[in-house]
Amino acid sequence: IWYAILLFIDIIYDRAEPRSVVVPILAWNLFTSLVMFVMTFRGEDLDWIPVLRRLTPAILAPQAAIGRRCRWLRNQTFWTCCAAFSGLSATTRITTSAMPHFWLSLVILNVLAHSANILRLACGCLCSCCCSRRPASVADVAAEAAKKSD
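This structure is a prediction, so every number in the text was calculated from the model and none was measured.

Rules used in this analysis
- Residues numbered from 1 in each chain as written.
- Predicted model: local features only at pLDDT ≥ 70, side-chain atom pairs only at ≥ 80, totals over all residues.
- Heavy atoms only, no water.
- Helix = DSSP H or I, 4+ residues; strand = E, 2+ residues; numbered from the N terminus.
- Buried < 20%, exposed > 50% of the residue type's maximum accessible area, 1.4 Å probe, protein only.
- Contact = heavy atoms within 4.5 Å.
- Areas by Shrake-Rupley, 256 points an atom, 1.4 Å probe, with all protein chains shown as cover.
- 1 Å grid on protein atoms, 1.4 Å probe; cavity = no way out; pocket = protein on both sides within 12 Å on 5 of 7 lines; lining within 4 Å.
- Points joined across faces, edges and corners; volume = space filled by probe spheres on them.
- Nonpolar A, V, L, I, M, F, W, Y, C, P; charged D, E, K, R; others polar.
- Axes fitted to C-alpha atoms, helices over the stretch in contact; angles between N-to-C directions.
- Parallel < 35°, antiparallel > 145°, perpendicular 65-115°, else oblique.
- Left-handed = near helix turned anticlockwise from the far one by under 90°.

**Q** What should I look at first to understand the overall build of the protein in this one?
**A** Across its full length, the protein holds six helices and zero strands. Sequence-ordered secondary structure for the protein, helices as α and strands as β, is α-α-α-α-α-α. For the protein, the residues scored as buried account for 24% of the 150 residues in total. Intrachain contacts of the protein at a sequence separation of at least 6 include 54% that bridge at least 24 residues. Summed over all atoms, the accessible surface of the protein reaches about 10900 Å², with 70% contributed by carbon and sulfur.

This is the structure in structure tokens:
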């Protein structure tokens with residue numbers, strides 16, 4: 001959501017030229033970041049804040065409606081890739097934004113979060129490959145079935 005807030009502020013205060021080109025691009029990015037927020041929101045995200053807890057149904061209803069119309073928008077991998085792209089594209093905002101420090105902190109947090117996520121996925125893959133039992137071959141399954149039938 002911070003990405004969306006910073007984009008909204010940049011639509012008003014950005015110094016990039018020509019404004020007739022930059023503003024529609026920022027507005028499109030703002031729209032997609034709001035859709036990303038809605039589609040990646042979980043009900044538990046606001047449960048611990050008493051006043052904001054009331055917003056959960058207002059966010060989950062559009063999420064379900066969008067998810068019914070576009071099934072691929074429910075895909076976590078898609079949104080992870082979009083978030084990584086958004087974080088990398090935020091580096092372009094640093095030079096012309098009225099708030100470059102906020103954009104820089106967003107880029108740094110994005111790099112840290114996605115690095116941790118990639119590390120988690122890699123460790124999970126390694127653990128499942130190395131620590132789990134290898135799948136049996138067709139011959140092993142047939143031999144085991146023959147032993148049971150005897």
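**Q** For this particular structure, what's the right way to read the side chain of D14?
**A** Mapped onto the secondary structure, D14 falls in the loop between α1 (2–13) and α2 (19–40). The class for D14 is buried, based on a relative accessible area of 5%.

**Q** Before we go on, may I ask you to explain the layout of surface pockets in this structure?
**A** Here the largest pocket is characterised by a volume of approximately 1100 Å³. Every residue lining the largest pocket is counted, 31 residues in all, and those nearest its centre are M36, T40, W79, A83 and H114. Of all elements in the fold, only α1, α2, α4 (76–89) and α5 (100–131) reach the threshold of two or more residues within the lining of the largest pocket. Ranked by residues supplied to the lining of the largest pocket, first place goes to α5 with eight residues. Looking at the lining of the largest pocket residue by residue, the classes come out as 15 nonpolar, twelve polar and four charged. Its boundaries defined by the atoms lining it, the second largest pocket holds a volume of some 330 Å³. As for the second largest pocket, its lining consists of 17 residues, and the residues nearest its centre are T32, S33, F78, W79 and C82.

**Q** Any chance you could explain the packing of α1 against α2 here in plain terms?
**A** The description of two packed helices rests on the angle between their axes and on the distance between the axes. Relative orientation of the contacting elements α1 and α2 amounts to 160°, with a least axis distance of 9 Å. It follows that α1 is roughly antiparallel to α2 by the angle criterion. The handedness of the crossing between α1 and α2 is left-handed. Together, Y3, A4, L7, F8, D10, I11 and I12 of α1 and R19, V23, L26, A27, N29, L30, S33 and L34 of α2 make up the contact between the two elements. In terms of residue class, the contact of α1 with α2 is made up of eleven nonpolar, two polar and two charged.

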